[in-house]
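The chain contents come next:
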Amino acid sequence: FGRGHGWYVATMPDAAGIDAVVAAVVAASGVVPVVTGLPSGVEAARRGSLTTVINHGDEAAWIDVDGTDVETGARVGRRLLDPQGVLFALSPSPVDETAREAPAAPAEALASR
């Protein structure tokens, strides 16, 4: 409590400006994706060691997940996820040492962009 940062944007930025502010906030927070490199329309969520990947698209999509398929017990790795397909995998919890560091202050994060 009391160690966070507040962001105040005293303008009406255009789309590029909003993208820059949001990118800076995310970078400063230390948040990292559950699964990197997912194509558009594919989302991943994590609850403990369970990773859920959902393809909301109408076309199959390649994904790469480190873990074990809950349904089959097979290693996941790189695979094609069917349209509207779902994958449940048990994955090791990532340890990101940089996330343990204090996030950059808002002005520092924007200045580095």
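Visitor: Any chance you could explain the overall build of the protein chain here in plain terms?
Guide: Scanning the protein chain from N- to C-terminus turns up two helices and five strands. The secondary structure elements of the protein chain, listed N-terminal to C-terminal, are α-β-β-β-β-β-α. Buried positions account for 22% of the 113 residues belonging to the protein chain. Long-range contacts, defined here as pairs at least 24 residues apart, represent 48% of the contacts in the protein chain between residues at least 6 apart. Carbon and sulfur atoms make up 56% of the accessible area of the protein chain, which totals about 8,000 Å².

Visitor: Any chance you could explain the environment of Arg 47 here in plain terms?
Guide: Along the chain, Arg 47 turns up in strand 1 (residues 42-47). Along the sequence, Arg 47 and Ser 93 sit 46 residues apart, while their C-alpha atoms lie 9.9 Å from each other.

Visitor: Just checking my understanding: could you explain the nonpolar core for this structure?
Guide: Note that soluble globular proteins tend to have their nonpolar side chains buried in a common cluster. With ten residues, the main nonpolar core is built from Val 35, Val 42, Val 53, Ala 61, Ile 63, Val 65, Val 76, Leu 81, Leu 87 and Ala 89. In contact with Ala 89, other than residues within four places in its own chain, are Ser 49, Leu 50, Thr 51, Val 65, Thr 68, Asp 69, Val 70 and Val 76.

Visitor: Help me understand the pairing of strand 4 (residues 75-81) in this model?
Guide: A regular strand places its side chains on the two faces of the sheet in alternate fashion. Judged from the six bridges that link them, strand 3 (residues 61-69) and strand 4 form a sheet pairing that is antiparallel. Directly across from Val 65, in strand 4, lies its bridge partner Gly 77. Two successive antiparallel strands, strand 3 and strand 4, enclose a turn made up of five residues, where Gly 73 displays a positive phi of approximately 80°.

Visitor: Got a minute to help me understand the pattern of salt bridges in this structure?
Guide: Once the charged atoms of two side chains with opposite charge are near each other, the side chains can pair. Counted by the stated rule, this structure contains one salt bridge. For the salt bridge of Asp 69 with Arg 79, the shortest nitrogen-to-oxygen distance reads 2.9 Å. Taken together, the residues Asp 69 in strand 3 and Arg 79 in strand 4 connect sequence positions ten residues apart. The exposure class assigned to Asp 69 is buried, which follows from its relative accessible area of 5%.

Visitor: Sorry if this is basic, but what is going on with the pairing of strand 3 here?
Guide: Here two bridges tie strand 3 to strand 5 (residues 86-90), and the two strands are oriented antiparallel to one another. Pairing of Thr 68 across the sheet is with Leu 90, part of strand 5.

Visitor: Is there a simple way to explain the sheet that holds strand 3 in this structure?
Guide: As a general point, the strands of a sheet are linked pairwise by backbone hydrogen bonds and lie either parallel or antiparallel. Spatially, 1-2-5-3-4 is the arrangement adopted by the five strands of the open sheet, whose pairing is antiparallel. Every interior strand has two partners, whereas the edge strands, strand 1 and strand 4, have only one. The average undirected angle you get between the axes of adjacent strands in this sheet is 25°. Two elements, strand 1 and strand 2 (residues 50-55), share six bridges in a ladder whose sense is antiparallel. Note on strand 2: the bridge partner recorded for Ala 44 is Val 53.

Rules behind the numbers
- Residues numbered from 1 in each chain as written.
- Predicted model: local features only at pLDDT ≥ 70, side-chain atom pairs only at ≥ 80, totals over all residues.
- Heavy atoms only, no water.
- Helix = DSSP H or I, 4+ residues; strand = E, 2+ residues; numbered from the N terminus.
- Buried < 20%, exposed > 50% of the residue type's maximum accessible area, 1.4 Å probe, protein only.
- Contact = heavy atoms within 4.5 Å.
- Areas by Shrake-Rupley, 256 points an atom, 1.4 Å probe, with all protein chains shown as cover.
- Core = buried A, V, L, I, M, F, W, Y, C linked by side-chain atoms within 4.5 Å.
- Pairing = 2+ DSSP bridges.
- Salt bridge = Lys/Arg side-chain N within 4 Å of Asp/Glu carboxyl O.
- Axes fitted to C-alpha atoms, helices over the stretch in contact; angles between N-to-C directions.

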